[in-house]
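Spelled out, the chains give:
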Amino acid sequence: PEDIRVYEFAEKLKRPMSDIIKVLFDLGMMMTKNDFLGADEIEILSEEFGVEVTIIDPKDEFNYVEEAKADEDPNAVERPPVITIMGHVDHGKTSLLDAIRNAKVTEGEAGGITQHIGAYTVSQDGKDITFIDTPGHAAFSNMRQRGTDITDIVIIVVAADDGVKPQTLEVIKLAKESGKPIIVALNKMDKETANPDLVKGQMAEHGISPVDWGGDIEFVPVSAKTGMGIDDLLENILLTAEVLELKANPNAKAKAAVVESSLEKGRGPVATVIVQNGTLKIGDHVVCGAAYGRVKALINDMGKNIKSVAPSHTAVTVGLNEVPPAGEILMAMDSDKEAKEYALKRKEYERNKELSKSTKSSLEDMTAMI
Ligand code: GTP
Ligand code: MG
């Protein structure tokens, strides 16, 4: 529900945007006018400006079209859509991601394919589509809370032989709240027991009405096992993306979102990122939350070393001094000094937040004792 951008917040407060950005900056948070404010930031800003904030006006399901247009920068050009696949456990999210990749990657390139990767890009009819492998919808919520929402389209996978399950309902709720366009993949259509109409009925009961039933959501029958329907699914994604008019400026300074991260032997901290705007290049001074560094290497989804990453594309980034959490934003800075300064500020902010948390709880403990 906290879907408010920095400039919208400034307008609501009737304050110059620079004031808002400065307060955030002083707390070690780099935000630009189009960034979404998370619940934490809204709380801090409300305190800072002495206002009370009530969050109303939950996002209308179709606002995304407007928003995508508001994002236009005169130098922005078309960028590929970024897709998140969500669904109930065992309904085939991972299998579907693998099937898409296998269907689209040519034999010669297949080297790195069995290896797990956090995100990858495939081409369909000469257009790119980037998929994020979400371990669960926790990551998706986490990113939204951090205001680092990188998903353009949500795919809800439902096994056609199993139907709507508790996690399917959670995912429907999340997807609706996000305001992102939804496509339903009816998976496991190869199974004898697949009953797509039953699933459509169940989904319609929860507000996800199929287009062929007069609704507004595309349901694409697929089988991750046989590869059936994969092309249809990708074509649907491209059609949906076209309406969104997704754009980014490849000449801007890079801004990317971390989809996963780890400490690797020999490489140090690594982060798989998806570039949201600008181009991430080797040699860039970057800050990523409390981590910072200089991009030493970029490795694409085929395991190849590359020199730069364009908007909506993905790469493993090597060169940070510590492991940033998934959902964190990585930004290119003008200098090493600037990157370090931001990172230190952020560290201090996090330390203070921890401290205030522990004082709060100890106060609560004390009251409980009395
Ligand atoms: P979690 O990550 O555990 O939530 O599961 P998931 O949604 O990623 O499902 P996964 O891809 O692991 O698939 C679960 C099981 O269903 C596996 O045994 C798959 O082989 C099987 N499966 C997935 N897709 C299909 C399909 O299209 N047809 C058939 N017959 N089996 C499938
Ligand atoms: Mg899985």
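Residues numbered from 1 in each chain as written. Chains lettered and ligands numbered in written order. Predicted model: local features only at pLDDT ≥ 70, side-chain atom pairs only at ≥ 80, totals over all residues. Heavy atoms only, no water.

If you check an unreviewed UniProt entry, the protein appears there as Translation initiation factor IF-2 from Sulfurimonas paralvinellae.

*Asks:* I tried to follow the overall build of the protein on my own but got confused; where do I start?
*Replies:* From N to C terminus, the protein includes ten helices and 19 strands. Residues classed as buried in the protein amount to 48% of the 370 residues present. Considering only contacts in the protein between residues 6 or more positions apart, those separated by 24 or more positions represent 72%. Of the accessible surface of the protein, which amounts to about 18400 Å², a share of 51% is contributed by carbon and sulfur atoms. (Helix = DSSP H or I, 4+ residues; strand = E, 2+ residues; numbered from the N terminus. Buried < 20%, exposed > 50% of the residue type's maximum accessible area, 1.4 Å probe, protein only. Contact = heavy atoms within 4.5 Å. Areas by Shrake-Rupley, 256 points an atom, 1.4 Å probe, with all protein chains shown as cover.)

*Asks:* Quick question: what am I supposed to make of the pattern of salt bridges here?
*Replies:* Charged atoms that come close allow side chains of opposite charge to pair. Per the stated rule, a full pass over the model turns up 16 salt bridges. A salt bridge links Asp 231 to Lys 104; its shortest N-O distance comes to 2.9 Å. Placement of Asp 231 in helix H9 (residues 230-244) and of Lys 104 in helix H5 (residues 93-104) is noted, with a sequence separation of 127 residues between them. Two residues, Glu 264 and Arg 267, come together in a salt bridge whose shortest N-O distance is 3.1 Å. Three or more residues joined by partner-sharing salt bridges are found here, namely Glu 328, Arg 346 and Glu 350. (Salt bridge = Lys/Arg side-chain N within 4 Å of Asp/Glu carboxyl O.)

*Asks:* I tried to follow the side chain of His 285 on my own but got confused; where do I start?
*Replies:* Tracing the sequence through the fold places His 285 in strand S14 (residues 285-288). Once residues lying within four places of it in the same chain are set aside, the contact partners of His 285 are Gly 293, Arg 294, Met 331, Ala 332, Met 333, Asp 334, Ser 335 and Asp 336.

*Asks:* What should I look at first to understand the nonpolar core in this one?
*Replies:* Soluble globular proteins tend to pack their nonpolar side chains together in the buried interior. Grouped together as the largest cluster of nonpolar side chains are 26 residues, with contacts concentrated most on Leu 96, Ile 100, Phe 131, Ile 155, Leu 233 and Ile 237. Within the residue set of this core, elements represented by two or more residues are strand S4 (82-87), H5, strand S5 (119-124), strand S6 (127-132), strand S7 (153-159), strand S8 (182-187) and H9. Here this core gets seven residues from one element, more than from any other, and that element is H9. In this view, Ile 100 contacts Ile 85, Tyr 120, Val 122, Phe 131, Ile 230, Leu 233 and Leu 234; residues no more than four positions away in its chain are not counted. In terms of nonpolar packing, the next biggest core, distinct from the first, is built from 17 residues, Val 258, Leu 298, Ala 315 and Ala 332 among them. (Core = buried A, V, L, I, M, F, W, Y, C linked by side-chain atoms within 4.5 Å.)

*Asks:* How should unusual backbone geometry be read in this particular structure?
*Replies:* Outside of glycine, negative phi angles account for most residues, and trans bonds account for most peptide bonds. The phi angle at Lys 14 is positive, at roughly 55 degrees, despite the residue not being glycine. Mapped onto the secondary structure, Lys 14 falls in the loop between helix H1 (6-13) and helix H2 (17-26). By relative accessible area, which is 74% here, Lys 14 ends up exposed.

*Asks:* Sorry if this is basic, but what is going on with the site of ligand 1 here?
*Replies:* Inspection of the region around ligand 1 gives 15 residues, with Lys 93, Thr 94, Ser 95, Asp 190 and Ala 224 positioned closest. Side-chain polar atom of Asn 187 to a nitrogen atom of ligand 1: 3.1 Å apart, as the coordinates give it. One nitrogen or oxygen atom from the main chain of Lys 225 is found 3.3 Å from an oxygen atom belonging to ligand 1. Considering ligand 1 on its own, with 650 Å² of exposed area, one finds that the protein chains cover 67% of that surface. No other element matches the three residues that H5 contributes to the shell around ligand 1. For the shell around ligand 1, the class distribution of residues is two nonpolar, seven polar and six charged. (Near = heavy atom within 4 Å. Polar contact = N/O pair within 3.5 Å; in protein donor to acceptor, adjacent residues only side chain to side chain. Nonpolar A, V, L, I, M, F, W, Y, C, P; charged D, E, K, R; others polar.)

*Asks:* Just checking my understanding: could you explain the packing of H2 against helix H3 (residues 39-49) for this structure?
*Replies:* Packed helices, taken two at a time, are described by the angle between their axes plus the distance between the axes. It is the contact of H2 with H3, at a shortest axis distance of 11 Å, that shows an interaxial angle of 110 degrees. Between H2 and H3, the angle falls in the class roughly perpendicular. In terms of crossing hand, the pair formed by H2 and H3 is right-handed. Between H2 and H3, the contacting residues are Asp 19, Ile 20, Val 23 and Leu 24 on the first element and Glu 41, Leu 45, Glu 48 and Phe 49 on the second. Class assignment of the residues belonging to the contact of H2 with H3 gives a composition of five nonpolar, no polar and three charged. (Axes fitted to C-alpha atoms, helices over the stretch in contact; angles between N-to-C directions. Parallel < 35°, antiparallel > 145°, perpendicular 65-115°, else oblique. Left-handed = near helix turned anticlockwise from the far one by under 90°.)

*Asks:* Can you walk me through the packing of H1 against H2 in this structure?
*Replies:* Packing of H1 against H2 leaves a shortest axis separation of 8 Å and a crossing angle of 120 degrees. As judged from the angle between their axes, H1 and H2 are oblique. Here H1 and H2 pass one another in a crossing that is right-handed. Of H2, the residues touching H1 (which contributes Val 6, Tyr 7, Phe 9, Ala 10 and Leu 13) are Met 17, Ile 20, Ile 21 and Leu 24. A class-by-class count of the residues in the contact of H1 with H2 yields nine nonpolar, no polar and no charged.

*Asks:* Looking at this structure, how should I read the sheet that holds S6?
*Replies:* Adjacent strands of a sheet form backbone hydrogen bonds with each other and so pair up, either parallel or antiparallel. One open sheet holds the six strands; their spatial order is S5-S6-S4-S7-S8-S9, and the pairing between them is mixed. Only two strands of the sheet have a single partner each, and these edge strands are S5 and strand S9 (218-221). Pairwise comparison of adjacent strand axes, ignoring direction, gives a mean angle of 30 degrees for this sheet. Pairing analysis gives three bridges linking S4 to S6, with the strands arranged parallel. For Thr 84, the partnering residue across the bridge sits in S6 and is Ile 132. In the packing of helix H7 (residues 166-178) onto the sheet, the strands contacted are S4, S7 and S8, and the crossing angle to S7 comes to about 165 degrees. (Pairing = 2+ DSSP bridges.)

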